[in-house]
Amino acid sequence: MAAPSHVLPFLSPTGTASSVRVSPGRRAGLLRCAAAAGQAGFFTRLGRLIKEKAKSDVEKLFSGFSKTRENLSVVDELLTYWNLADTDRVLDELEEALLVSDFGPKISFKIVDTLREEIRDGKLKSGAEIKAALKRCILQLLTSKGGNSELNLGFRKPAVIMIVGVNGGGKTTSLGKLAHRFKNEGVKVLMAAGDTFRAAARDQLEVWAERTGSEIVIDNDKKAQPPAVLSQAVKRGKREGFDVVLCDTSGRLHTNYGLMEELVSCKKVIAKALPGAPNEILLVLDGTTGLNMLQQAREFNDVVGVTGFILTKLDGTARGGCVVSVVDELGIPVKFIGVGEGVEDLQPFDAEAFVEAIFP
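Residues numbered from 1 in each chain as written. Predicted model: local features only at pLDDT ≥ 70, side-chain atom pairs only at ≥ 80, totals over all residues. Heavy atoms only, no water.

Pro-158 follows Lys-157 through a cis peptide bond whose omega is -5°. With respect to the helices and strands, Pro-158 occurs in the loop between α7 (127-146) and β3 (159-165). Of note, the bond from Ala-277 into Pro-278 is cis; its omega dihedral lies within 30 degrees of zero at 0°. For Asp-102, which is not glycine, the phi dihedral falls at a positive 65°. Within the fold, Asp-102 resides in the loop between α5 (87-100) and α6 (105-120). Its identity as a non-glycine residue notwithstanding, Lys-313 has a phi of 60°, on the positive side. (Helix = DSSP H or I, 4+ residues; strand = E, 2+ residues; numbered from the N terminus.)

Turning to the packing of aromatic side chains, a few remarks are in order. By the definition in use, this model includes two aromatic pairs. Between the aromatic rings of Phe-65 and Phe-354, the centroid separation amounts to 5.3 Å while the plane-to-plane angle is 80°, which identifies the pairing as edge-to-face. With Phe-65 in the loop between α2 (58-64) and α3 (66-71) and Phe-354 in helix α14 (residues 351-358), this pair connects stretches of sequence that are 289 residues apart. No difference in accessibility class separates Phe-65 from Phe-354, as the two residues are buried. Aromatic rings pair up to connect Phe-65, Phe-349 and Phe-354 into one cluster. A cation sits over an aromatic face here: Lys-188 above Phe-242, 4.6 Å from the ring centre. (Phe/Tyr/Trp six-rings, centres within 6.5 Å; stacked < 30°, edge-to-face > 60°. Buried < 20%, exposed > 50% of the residue type's maximum accessible area, 1.4 Å probe, protein only. Lys NZ or Arg CZ within 6 Å of the ring centre and 35° of its normal.)

Structural data, given as structure tokens:
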């Protein structure tokens, strides 16, 4: 006996309503495709929406980068009364200002050489034009090397984000603030307390879960291993229809290769529980360390394949140029920056807003 078919409506090429009979198996396949397309659209909109919020929160960026902007205020002083005869002196002092702000030697020299060449070719004829060209050079570095700074959340639920970093960088706090942003967009969030070595981290994440109205997976066994906790969380996220699973991990020094290898195990169990996950592996870097963060970033990227950076504590330092340095060095986008201690102060990174915020 033939399996019963179902009638599905559709529009003909002429726009008239019609229908087509499909088998139950075909119908189930079509429904799965429609559901997958719906989830993909949900995550695409979510990533774009969070990124766009950075433009509306530009005042937070300005206040967060006040120390870097103060450090670079010399740029206006140098360029206000610039004349062609003073070009070498002015560019030398400009180079020094960039170095002091942790743009790094390679980037600082490259920017200044570009400006010198454009001045020599007669393309820049005033201090205002030189400043505009300086900002353009920095923006180009960020956009050409960093790529897309939107969150890549994949095409199906749950999206899984794994947070990694050294102790004291603001890893667990960043995860909590990220959960807050998701919850504000109506996202169903599950946290995974994968930092099993530090009881305070688990307690801290519980507070964030309560504060943001998120669910949390905790293993109270003192001998629990991080991969087991993360696997349990991802499976629950899939089973119970969570939109996003945020996975905390134990802080570790990038020089401790045993602990670094454990991150590989965490990544593998997540992928086993949900093929294609994690969608993002975000490395939290302490902005107050300036260019010293580069070696950390290299090591973590070599071990687990970092997809984006969260740079924290940038409000407490005049080293805002490290944002440009880390992007230029590794070609990995900055996804979020921490510009204050408030829950709203983890900002989606926007290159244009950043350039405007660091220059007076």
